[in-house]
Amino acid sequence: MEFDQIVDRYAELFSQAISRRLPNTNNVVLPLSGGRDSRHILLELSAQGCPPTRTVTVHGQPSIDDEDTRLASWVAEAVNIPHDRVSYPASHFAATMKDITLTELCSSSHAWLIPLAAYLASKQVSCTYDGLAGDILSSGLRTTEEKLRLARTGKMIELAKRLLDENNREPFIQSCFQDSFNKRATRDLAIAKVSEELKRHLGFADPISSFFFWNLTRRGIALLPFGIHRSVATVYCPFLDHDLFDFLVNVDPSYTSGKRLHDAVIHRYYPEYRNIPFEYHAAKKPSEHVQSRFYRRSAVEAIWYLLKNQKYQSCIVKKGRFLAMLCRDAMRKKSPKIWYLHPLIHGLEIERAIMR
């Protein structure tokens, strides 16, 4: 199919996906970001005469700027729907613990969205929508020409290494996890497992997107609508509609790169909102003082957590190393984002659950 045909077919199937999932209640709240997926859901619900009761946006924790809240408020105003803003969690540590609990130890770090779950529960929301998989399926979020080249030439080992290196976590793993654990969960084992999994996706138009959908999206990102939002009786994920999914997963990645496919659909079928941008480059970031105070508090709370759980020796995490890192960041005048908090707390909580 030509690009214009794909745009029209995408719009037709998405409209059908929404029509199959129209709300049967008046208490519908739609989490709205400044991006494409939730915006597409909102505009199509409105086009079908079933707009949500309200929209809500979470202002991400430091050092996230206010881009999403600005863009979402403009979209909601244009559609004439009330828009609420929820601030990031007061305690990053407490939100991390809540995240791990709500996802039943399968967490992939959704801590900044914990206030959204509390908001939906407080409003007794009975129905909501989530843009799960929209970015992977129609925007080629994780796909690059280099990755496609490696996949198409059968260089699975090299591709697996490239994917594992993207987050540059190997030094962290070696320094913060126990040697006995690292000897069992080696990098070579990870490469072998990932390369073997990649082979299963070579038959798809975009094997990279297929790989990430069936692994990261299914196992990690899906924990948001189906774990953290457990207080909501019905959570619809229209991008998972079978007809729409089967179509998008077979679109040539050259059409989805740069998000141009999704942009074209939204601009062509909802032209009255075309003037609302998808990016806001004048967004403001929180001050260094706000960021430092937020993460220093998290470090202090995590220190107390470790001190209260001194009685057992971890087989996974080097607790002494973890404590030293926390003390360092708790005493810094300019404390950085404590990115290591989640994976280490996660490992310790898994052990605590096993020992109970």
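Right, let's walk through the structure included here. (Residues numbered from 1 in each chain as written. Predicted model: local features only at pLDDT ≥ 70, side-chain atom pairs only at ≥ 80, totals over all residues. Heavy atoms only, no water.)

This part is about the nonpolar core. Tyr10, Ile41, Leu159, Leu198, Leu244 and Leu261 are the most contacted members of the largest nonpolar core, which totals 59 residues. In terms of residues, this core owes the most to one element, helix 1 (residues 3–19), which gives nine residues. Beyond its immediate stretch of four places on either side in the chain, Tyr10 contacts His40, Ser138, Phe239, Leu244, Phe247, Leu248, Leu261, His262 and Val265. In this structure, Phe172, Leu341, Leu344 and Ile345 belong to the second largest nonpolar core, which totals 26 residues. (Core = buried A, V, L, I, M, F, W, Y, C linked by side-chain atoms within 4.5 Å. Buried < 20%, exposed > 50% of the residue type's maximum accessible area, 1.4 Å probe, protein only. Helix = DSSP H or I, 4+ residues; strand = E, 2+ residues; numbered from the N terminus. Contact = heavy atoms within 4.5 Å.)

Time to look at the pattern of salt bridges. Note on pairing: side chains with opposite charge can pair once their charged atoms come close. The tally for this structure, following the rule as stated, stands at 23 salt bridges. We note a salt bridge from Asp165 to Arg187, for which the minimum N-O separation is 3.1 Å. Of this pair, Asp165 sits in helix 8 (residues 156–165) while Arg187 sits in helix 11 (residues 187–199), placing them 22 residues apart in sequence. A single salt-bridge network, built from bridges that share partners, covers Arg20, Arg21, Asp241 and Asp243. (Salt bridge = Lys/Arg side-chain N within 4 Å of Asp/Glu carboxyl O.)

Another point: helix 8. Buried within helix 8 we find Met156, Leu159, Ala160 and Leu163. Burial along helix 8 is one-sided: seen end-on, the buried residues are contained in an arc of 100 degrees. Of the surrounding secondary structure, the elements contacted by the buried residues of helix 8 are helix 7 (145–152), helix 11 and helix 12 (207–221). (Arc of directions from axis to C-beta.)

Of note, Ser38 is situated in helix 2 (residues 37–47). Overall, the relative accessible area of 9% leaves Ser38 in the buried class.

Turning our eyes to something else, we now look at the packing of aromatic side chains. Across all of its chains, the model carries 16 aromatic pairs by this definition. For the ring pair Tyr129 and Tyr236, a centre distance of 5.3 Å and an interplane angle of 40 degrees mean the geometry is tilted. Placement of the pair is Tyr129 in strand 4 (residues 127–129) and Tyr236 in strand 5 (residues 234–236), with a sequence separation of 107 residues. Consider the rings of Phe211 and Phe212, whose centres lie 5.3 Å apart with planes at 85 degrees: the pair is edge-to-face. Each member of the pair, Phe211 as well as Phe212, carries the same accessibility label: buried. Cluster of aromatic residues (ring-pair linked, three or more members): Phe172, Phe177, Phe181, Phe322, Trp339 and Tyr340. Here the guanidinium or amino end of Arg260 rests over the ring plane of Phe3, the centre of that ring lying 4.3 Å away. The residue whose ring lies beneath Lys319 is Tyr312, and the NZ or CZ to ring-centre distance is 4.4 Å. (Phe/Tyr/Trp six-rings, centres within 6.5 Å; stacked < 30°, edge-to-face > 60°. Lys NZ or Arg CZ within 6 Å of the ring centre and 35° of its normal.)

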